[in-house]
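# A structural walkthrough
Residues per chain are reported as follows:
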Amino acid sequence: MKITINSTTLSAVLKGACRIAARKTSDITGYLRLDISQSRIEVSAHNAKQQLSLTIPSSAYDLVGTGDRYCVSAAKLEQVIASLPRDATVTLQRIDSMVAICSGKTRFNVVTLPAEKFPHAETLGPEMLGQVVMQGSRLSRSLNQIGFCASRDDVRTALNGVCFDFAPGLLTLAATDGQRLGVVENEVASDFDRRFILPSTCIEDVISFCAAGEVEVAFSQKVARFSKSSGVLYTK
């Protein structure tokens, strides 16, 4: 199996995925999982609290073979692709337990792990309490306006995040550290009264993920999901 792709296209996806992958670790949370098929490439990252999957459409690459799936070090793959010229043609071909990354006369070999070692995200399941669709740029902007008010390590755990408070037709976002309070209201097509807290450690990742396009926000007692056409982000 061999894929051919533009270095800039791949680099943009890796930049988003590597925000989630754990840094400075040799365990599986420091790896990305690549699921390659004729219809798409899915790049997934997991850090025990969040899982992000980003999709590259089939129109963005050429595939020789039926597809493959494996795990590769997030930091190493990102560094290799970042070292290549913009818009360079790159090929990735797995050979035994290595993936060969080639561009022109440049070649890198990176160790892979079996895809089965990658952890599974905790999904919403049948316990979903609510969902709403809104413009991602509006959600991202609202979080950016008040996210700095949230505590980061307060013993009062309810302060360590942004509260998503849904009422019929309205989403209120609120964050506080006990000394300052930020509140933003957005009109949404909701018909329920529910709330959840987005942890402070996830705020910047949600801001980045939701920056463009239409986003569906859904949640259960334990998990929140942010999804759009190019991927999905789960967070506890």
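Structure: see above.
Notes on the structure in this doc start here. Bear in mind that the values here come from a model prediction, so they are computed numbers and not experimental data.

All right, on to the side chain of Asn 186 then. Looking at the element boundaries, Asn 186 is found in strand 13 (residues 181-187). Here the side chain of Asn 186 touches Arg 138 through a polar contact of 3.5 Å, side chain to side chain. Looking at Asn 186, its side chain comes within polar contact range of the side chain of Ser 142, at 3.0 Å. When residues no more than four places from it in sequence are discounted, the contact partners of Asn 186 are Met 134, Arg 138, Ser 142, Gly 169, Leu 170, Leu 171 and Leu 173.

Positionally, Ser 140 belongs in helix 3 (residues 136-146). Overall, the relative accessible area of 7% leaves Ser 140 in the buried class. Engagement of the side chain of Ser 140 in a polar contact is seen with the backbone oxygen of Ile 207, the distance being 2.8 Å. Not counting chain neighbours up to four residues away, the residues in contact with Ser 140 comprise Ile 207, Cys 210 and Ala 211.

Another aspect to go through is the packing of aromatic side chains. On inspection of all chains with the given rule, the structure shows 7 aromatic pairs. Between Phe 164 and Phe 226, the ring centres sit 6.1 Å apart and the planes meet at 65°, which makes this aromatic pair edge-to-face. With Phe 164 in strand 11 (residues 161-167) and Phe 226 in strand 16 (residues 224-228), the pair connects residues that are 62 residues apart, well separated along the chain. Neither residue differs from the other here; Phe 164 and Phe 226 are each classed as buried. Judged by centre distance (4.8 Å) and plane angle (40°), the ring pair of Phe 196 and Phe 219 falls under tilted. Of this pair, Phe 196 sits in strand 14 (residues 194-199) while Phe 219 sits in strand 15 (residues 214-219), placing them 23 residues apart in sequence. The two residues Phe 196 and Phe 219 agree in class, both being buried. Here the aromatic cluster, defined as three or more aromatic residues joined through ring pairs, consists of Phe 164, Phe 166, Phe 192, Phe 196, Phe 219 and Phe 226. Across the ring face of Phe 209, the terminal group of Lys 228 is positioned such that the distance to the ring centre comes to 4.8 Å.

About the cut-offs
Residues numbered from 1 in each chain as written. Predicted model: local features only at pLDDT ≥ 70, side-chain atom pairs only at ≥ 80, totals over all residues. Heavy atoms only, no water. Helix = DSSP H or I, 4+ residues; strand = E, 2+ residues; numbered from the N terminus. Polar contact = N/O pair within 3.5 Å; in protein donor to acceptor, adjacent residues only side chain to side chain. Contact = heavy atoms within 4.5 Å. Buried < 20%, exposed > 50% of the residue type's maximum accessible area, 1.4 Å probe, protein only. Phe/Tyr/Trp six-rings, centres within 6.5 Å; stacked < 30°, edge-to-face > 60°. Lys NZ or Arg CZ within 6 Å of the ring centre and 35° of its normal.

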